[in-house]
Every structure is written in C-alpha cells, then in structure tokens.
Protein chains: 2
Amino acid sequence: MTESHVVIMAGGIGSRFWPMSTEDCPKQFIDILGTGKTLIQMTVERFLPICPASNIWIVTSERYGQTVKAQLPQIPDSNILTEPAARNTAPCIAYACWKIRMHHPDANVVVCPSDALVTDPQEYRRIILRALEFSAQGDRIVTIGIKPSRPETGYGYIETAGGTCSSGEVVKVSSFREKPDAATAQEYLESGRHLWNAGIFVWTAETICKAITRWAPQIAGVMDTMSADFYTPKEKETTARLFPTCEKISIDYAVMEKSPDIYTIPADFGWSDLGTWGSLHANMKRDADDNAVAGVSAELHGCSGCVVHTDSLKRVIIEGLEGYIVAEKDGRLLICRLSEEQKIRDFRKED
Amino acid sequence: MTESHVVIMAGGIGSRFWPMSTEDCPKQFIDILGTGKTLIQMTVERFLPICPASNIWIVTSERYGQTVKAQLPQIPDSNILTEPAARNTAPCIAYACWKIRMHHPDANVVVCPSDALVTDPQEYRRIILRALEFSAQGDRIVTIGIKPSRPETGYGYIETAGGTCSSGEVVKVSSFREKPDAATAQEYLESGRHLWNAGIFVWTAETICKAITRWAPQIAGVMDTMSADFYTPKEKETTARLFPTCEKISIDYAVMEKSPDIYTIPADFGWSDLGTWGSLHANMKRDADDNAVAGVSAELHGCSGCVVHTDSLKRVIIEGLEGYIVAEKDGRLLICRLSEEQKIRDFRKED
C-alpha cells in the first residue's frame, strides 16, 4: 500500500507584486486575496483532508524557513527543507523526493507550487486522488492540465495525444508548449487538446528519482551524495555545500520534456497562478463596481475595476479611479493602471 | 513715533487638505509646498526685515500653542495668545489689539492670516510699509486688496470707489462683495475696480479698538473687562472664562462692512490663500509634466498635472495619473481628481 506525500515548493520571490510582495515576504506568504489566509496556508489546507500534516513537505529558501514555521505550525519542523541557493525546480524536487524515498520507499508524491489559487478544493482533491491512483501503478509521471477558459498567453501549455478529453480522465501527453502568442493561444483554446501547465506533478518517489537519474544525472549524482547525510545532524552542512552545485534547471526542461511517458489529467477546479494583478483582481471578492479591496476597508467614490491592497495604512479614500492598482506595504505605495502592470518590475528595480 | 506690530491669526483647522492637514496639525503648521518651511514660518519670516520678533504676536487656539512655540522659537512666549474657544476673527483681533494697546498705546498694527502664500515678499513689505505709513496718520482702516488675475469665485472682493488704480496707491473702499458667481467674477475682473479681499488689515491699535467699540460693543465690553487682568497671572483664567462669551463674528461683518472709513491699497505680490489643492498645485515647484511633488520624491511614470504630497511613506511609484491629488499623512491616504477636490470635505467627515 503506497503512502501519499505532498511537496509544496515555496521558494519564489514574487517580484511582480511590489510593494505588496517583496523578497523579504513574497507572495506565497501574503494574504494576497484578503481572505485572512496566506496562499501557502490555503495550499496546505487544501491537502489536509487527504494527507496528514506529517506527510506534507515544504521546500523553501533558507531566508523563508522561519516564515514557513510561523505560518504553518502544524507542519513538523523536520518536513521543512531549506535550499541554500535557488536552483530552479528540478533540484528542489529532487531534494524532497530523494529524502522522502529514503524513509518512505513506497511514497506516492504530489508536487505543487505554494502560491496558486484553487477555488474548488473538493474537485482539486478528486483530481489529485485520481492522479495518485494512476501514478501508484508504476513508472508513470502525471502532470495536471487545466482546461483553458481563455486564450491565455501567460501560461505554458500541455498538448495531449488524443482528441478532446473530459475532466479526470488520464491521457497521454504528446508535447509541452512554451507560452504562445495570441493567435496560437486562440488555436490552442479551440483545439480542445491543449491544457494549461499548472506545475502540479504526481508520481511515486521511486518514479521521479529514477527519471531524474536518467534525464538529469548530474542532479541525481549530487542527491546520491547528499543523501548519505539525510536525517543526520550533518544534513544542513552537507546540503549547504552540495546543493548549490546542482544544475539550475526546471523540472519541465530536465525531465518532463524528455521523458516519453508523461500523462495528464484535464482538470477544472478554478485554478489561477495569481501571476498578475489582473488575475488577482479577477479572483478577489469585488463590489458592484468591480472593485476589489484587501487591507483596511478603502472608501471608494466613483471608482470601478480597481484592486486596492493595503497593509499599514489606517485610512484610504479614493475618488475617480478606473482600472487601477493601488497597493501599499511597509510605507511603499504603488498606483498603476492594471493595463500597464507589466511595467511594475521595471519601476521597482532599484528597491 | 508709532511702533509697528504684527498680529498673525493661526487658529484655522484647514479641513480642505485632509489627510495632509488635520485638526491636530492644520495647514499653517505644515510644509505644504515642500519648501522646508511651514506656512506660519514663512509668514513670520516675511515680516522680520520690517518688524522685530518681539513685536510679532500669534493668536491661535489653545491646542496649537505648543506647536507655535516649537515652530517659531524666535517669538517670545508672551506674544503667543491662545484662544480658549474659536470665536471667528473679530474677537481674535480684539484680544490681540486690546492687549497690544495696553503696553504700546501708539502701536501701528498689521493683522494677517498665517496660512497664505506670498511669492514676492519684498513687494509685500513695500505695500505693508505704505499701508502703515497711511494708517499711522489717524483713524484709518486699511485692508490690502489683491489685483485679481482671474475671475475667481472662491474669494470675497473689495470694490473701490474710484476708477482703476495702481499698486501701492491708497484708495477708498466703496463696498465689500461676497464670493461672486462666475459671471459676476468676470465683471469684477474687467471692471478694474474690484480687488480680492486677502484678510490683511492695517490700522493703529487705537483705531481698531475704537472701531470695535463702536461697531461691535459686545466684544469691546468683554475686552475691557478681560484687559484688567492682561499681563498678570490671572490672564489665562480670565480669558478662559470671558473670551468664549464674545459674539462669534468675523471682523469683516463686525467692522469692515459697517465702518465708512475703509481704505485699500491695490497690491500685486503673488498672493494665494492656498485654499484649494488646485492653488497649492499652481504654487508648488512643478516638473516638465506639470506634476508637483512634496515629501518623499515620488517616481512618476506617464503622469501629468498631479500634486503628490506624502509624509510617512518611504517610496511612492505612480503610473498613468492625470490631474490627481495623491496625499498621505500618518497612514491616511487620499487619491482624488483635482477637479473633484471640493468633495474631500464630505469624504473625510467621519475621521
């Protein structure tokens, strides 16, 4: 009988949401939707009905270790793995899965980001359980595919082998596609064979370790050496020395695009990567004028289509804004049109 | 030889500039233009070349006494008069002038607000000295009239008796006019006989005390009683008891509109009452895109015609605003179109 584990990747730095999200406290650790819970807390809670906290693992960077412990007191400290350097997702996943396999050789593992939104957690769990059931049967890698609802150019796509397919049905992946241009995204939407790549993977620890050993042997070699000290007092020191020597590469490039045996399950559980202020606005509670407010309850007069996210302000009065972001944190204020949000990275570069 | 004194009225609460100006720290005590000096400091400095600090008197409300002392260390504490209750300008002026007359029976007095802007202080002093010279000659009340530069509907007007007149020339006032509608303001502008009422008065202490005794005998009676304790340890207590019994009335209604012997000197010294965000914007240093910034140096991208005034914020980035006020103080943020600034009083009412 396989045992299910969950690995939540929480090392991102969320640079698109300045000043709300900063390198000191990135998006996954923020109550970005104004619900009273941070995104990583929502991610963990989504799994608790199907996975005990003792089987949930968090991989984050060292600087966020304390934040993770503070926000997720139910997760054992020993399940919080910290990376001494950011090496993208392949070494991150390898570290967690090598470690899980050592004590749980039959583990069946879900890997997912810490900062995405799911509005239908029950359907999410149904899909995850279906994927776990399938991956448990052997050397099968599953990546969850989100049924596209619009010709999104901001996501990578998964192309399935067959025709259109329904939610929860396992299908073979024929290829992965980079972020498309608008025309291609429209074709993908109409094809019925393309799904959004949500970065949610399901596999047994044995399967992914074998796949990494085959397709990314340099990383596997580092993990084999490091693992001699896993669960010992030397783990931290060894990891600090060896982990940064791993190739910096995503799991998509390192494994998914090379392995011939990748499956997907088309899913529809209200997913968003919350990667833009626009997606944030779309997923927040909005008033009759399409304004979304988090933080102190801003008083809006003649405003529409705005997202207002404040942190330390005591009172906010806004008149006559349409389609703007107003965000404040720790004395940093941003006012920017939603339509121009891609400029925010450039604006804030010297902060 | 008459001795010149200056009375600066500093009791206003500046409700139009929320959140920058609040009842705890109104406009006159703020560096509203971002010059490094508060308006009351600029007002005092304007007079120092022609009047020693020992002859400058500040009348303010009790809650601002400490603020005045902190901002104006050169003014003797004994020259700072505090009103136990706001009774408009007639009792305020009466208190100061009764008190000055007691120790300086020959005093010649300038009375002015603490929160107006003058961009040509040298010309201002020239006009004031001309007015003092004229008022020293006896029972003559002078009110400085600003030559209108636009058909302003936000000011009261002084109508002169004669034809058009030049700066610095004393002319008789025929009447005072309330804030006009737009058409009337245009007529006033074209007439050449109408001046803005800046609330700057020049008279001898004897002249104004006599005028108040004649036209506002209730206030004069209170002052006669109060003055028995002026310059004694009982002054504060007596003032606390009697001052609030004064009729609440402006000097304009109490004296200026009743007295037949009022003179004005048309002047042109770059005056603004800074009564609106629009006037503030017009009088601040502006960039090539007509933006005015005070406080932390806001980074503006694609903005024009904005006034940005921040206090405690550490960083401000604004994109794509045209013609807006962005103001912050003590954690209170206002964003409002300049064209809608008259709504601010209503927005903030419950603060």
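Here's a quick rundown of the structure. (Residues numbered from 1 in each chain as written. Chains lettered and ligands numbered in written order. Predicted model: local features only at pLDDT ≥ 70, side-chain atom pairs only at ≥ 80, totals over all residues. Heavy atoms only, no water.)

Here the focus is the overall build of chain A. Across its full length, chain A carries 11 helices and 17 strands. Taken over C-alpha atoms, the radius of gyration comes to 21 Å for chain A, in line with the 20 Å a tight globule of 351 residues would show. Dimensions of chain A along its principal axes, counting C-alpha atoms only, are 60 × 50 × 35 Å. In chain A, buried positions account for 56% of the 351 residues. Residue pairs at least 24 apart in sequence account for 67% of intrachain contacts in chain A once pairs closer than 6 positions are excluded. For chain A, the accessible surface area stands at approximately 14,000 Å², while carbon and sulfur atoms represent 48% of it. Averaging the locations of the 37 positively and 46 negatively charged side chains of chain A gives two centres separated by 3 Å. (Helix = DSSP H or I, 4+ residues; strand = E, 2+ residues; numbered from the N terminus. Rg over C-alpha atoms; globule rule 2.2 N^0.38 Å. Buried < 20%, exposed > 50% of the residue type's maximum accessible area, 1.4 Å probe, protein only. Contact = heavy atoms within 4.5 Å. Areas by Shrake-Rupley, 256 points an atom, 1.4 Å probe, with all protein chains shown as cover. Lys, Arg positive; Asp, Glu negative; His and termini not counted. Charge placed at Lys NZ, Arg CZ, Asp CG, Glu CD.)

The next point concerns the packing of helix α1 (residues 39–47) of chain B against helix α4 (residues 121–135) of chain B. Residue and element names in this part refer to chain B. Viewed as axis vectors pointing N to C, α1 and α4 meet at an angle of 60°, and their least axial separation amounts to 9 Å. Judged by the angle between their axes, α1 and α4 are oblique. In this structure, α1 crosses over α4, and the sense of that crossing is right-handed. Touching Glu45, Arg46 and Phe47 of α1 are Pro121, Tyr124, Arg125 and Ile128, all from α4. Residue composition of the contact of α1 with α4, grouped by class: 4 nonpolar, no polar and 3 charged. (Axes fitted to C-alpha atoms, helices over the stretch in contact; angles between N-to-C directions. Parallel < 35°, antiparallel > 145°, perpendicular 65-115°, else oblique. Left-handed = near helix turned anticlockwise from the far one by under 90°. Nonpolar A, V, L, I, M, F, W, Y, C, P; charged D, E, K, R; others polar.)

Moving on, we come to the sheet that holds strand β16 (residues 324–329) of chain A. Taken in spatial order, the 6 strands of this open sheet run β12(A)-β14(A)-β16(A)-β17(A)-β15(B)-β13(B), and their pairing is mixed. Of all strands in the sheet, those with a lone pairing partner are β12 (292–294) of chain A together with β13 (299–301) of chain B, marking the two edges. Between one strand axis and the next, the sheet turns by 5° as a mean value, whatever way the strands run. Sheet topology note: the β16(A)/strand β17 (residues 332–337) of chain A ladder contains 6 bridges and is antiparallel. Paired with A:Tyr324 across the strands is A:Arg337, a residue of β17(A). (Pairing = 2+ DSSP bridges.)

Right, let's talk about the pairing of strand β15 (residues 315–319) of chain A for a bit. Each regular strand shows side chains that alternate between the opposite faces of the sheet. A large share of β15(A) lies buried, amounting to 5 of its 5 residues. The two faces of β15(A) match: A:Arg315, A:Ile317 and A:Glu319 on one face and A:Val316 and A:Ile318 on the other face are all buried. Judged from the 3 bridges that link them, strand β13 (residues 299–301) of chain A and β15(A) form a sheet pairing that is parallel. Its bridge partner lying in β15(A), A:His301 is registered against A:Glu319. Bridge count between β15(A) and strand β17 (residues 332–337) of chain B: 4 bridges; the pairing is parallel. Residue A:Ile317 lies in a different strand from β17(B), and its bridge partner there is B:Leu334.

Summed over all chains, the structure comprises 38 salt bridges over all chains. Between A:Lys37 and A:Glu45 there is a salt bridge whose closest N-O contact spans 2.9 Å. When the shortest N-O distance is used, the salt bridge between B:Lys210 and B:Asp139 registers 2.8 Å. You can see B:Lys210 sitting in helix α6 (residues 205–215) and its partner B:Asp139 sitting in the loop between α4 and β6 (141–146), a full 71 residues away along the chain. Assessed through its relative accessible area of 41%, B:Lys210 is described here as partly exposed. When salt bridges with common partners are traced through the structure, they connect A:Glu23, A:Asp24 and A:Arg63 into a single cluster. (Salt bridge = Lys/Arg side-chain N within 4 Å of Asp/Glu carboxyl O.)

As a further point, take the nonpolar core. Residue and element names in this part refer to chain A. Ile58, Ile144, Ile200, Phe269, Trp271 and Trp277 are the most contacted members of the largest nonpolar core, which has 68 residues in total. Take this core: its biggest share by element is 6 residues, from helix α4 (residues 121–135). Those residues in contact with Phe269 that lie beyond four places of it in its chain are Val118, Thr119, Asp120, Glu123, Tyr124, Ile127, Ile144, Ile146 and Ile200. (Core = buried A, V, L, I, M, F, W, Y, C linked by side-chain atoms within 4.5 Å.)

Turning our attention to the interface of chain A and chain B. Listed per partner, the contact involves 28 residues of chain A and 28 residues of chain B. In total, about 2,500 Å² of surface goes out of reach between chain A and chain B, with carbon and sulfur atoms giving 56% of it. Connecting chain A to chain B are 2 salt bridges. Among the salt bridges present, the one from A:Arg337 reaches B:Glu319, with a minimum N-O distance of 2.6 Å. In this assembly, chain A and chain B are joined by 20 residue pairs in polar contact (both at pLDDT 80 or more). At the level of secondary structure, the elements contributing two or more residues to the side of chain A that touches chain B comprise β13, β15, β16 and β17 of chain A. A total of 6 residues in the side of chain A that touches chain B trace back to one element, the largest contributor, which is β17(A). Partitioned by chemical class, the residues of the side of chain A that touches chain B number 13 nonpolar, 3 polar and 12 charged. (Buried area = accessible area lost by both parts, 1.4 Å probe. Polar contact = N/O pair within 3.5 Å; in protein donor to acceptor, adjacent residues only side chain to side chain.)

Further remarks concern the relation of the copies chain A and chain B. Each of the two chain copies can be brought onto the other by rotation about an axis and movement along it. Structural alignment of chain A on chain B gives an RMSD of 0.0 Å, achieved by rotating through 180° and translating 0.0 Å along the axis. Those values place the two copies in the arrangement expected of a two-fold rotation axis. Interface residue correspondence from chain A to chain B reaches 100%, placing this contact among same-surface, isologous pairings. (Least-squares fit on C-alpha atoms with pLDDT ≥ 70 in both.)

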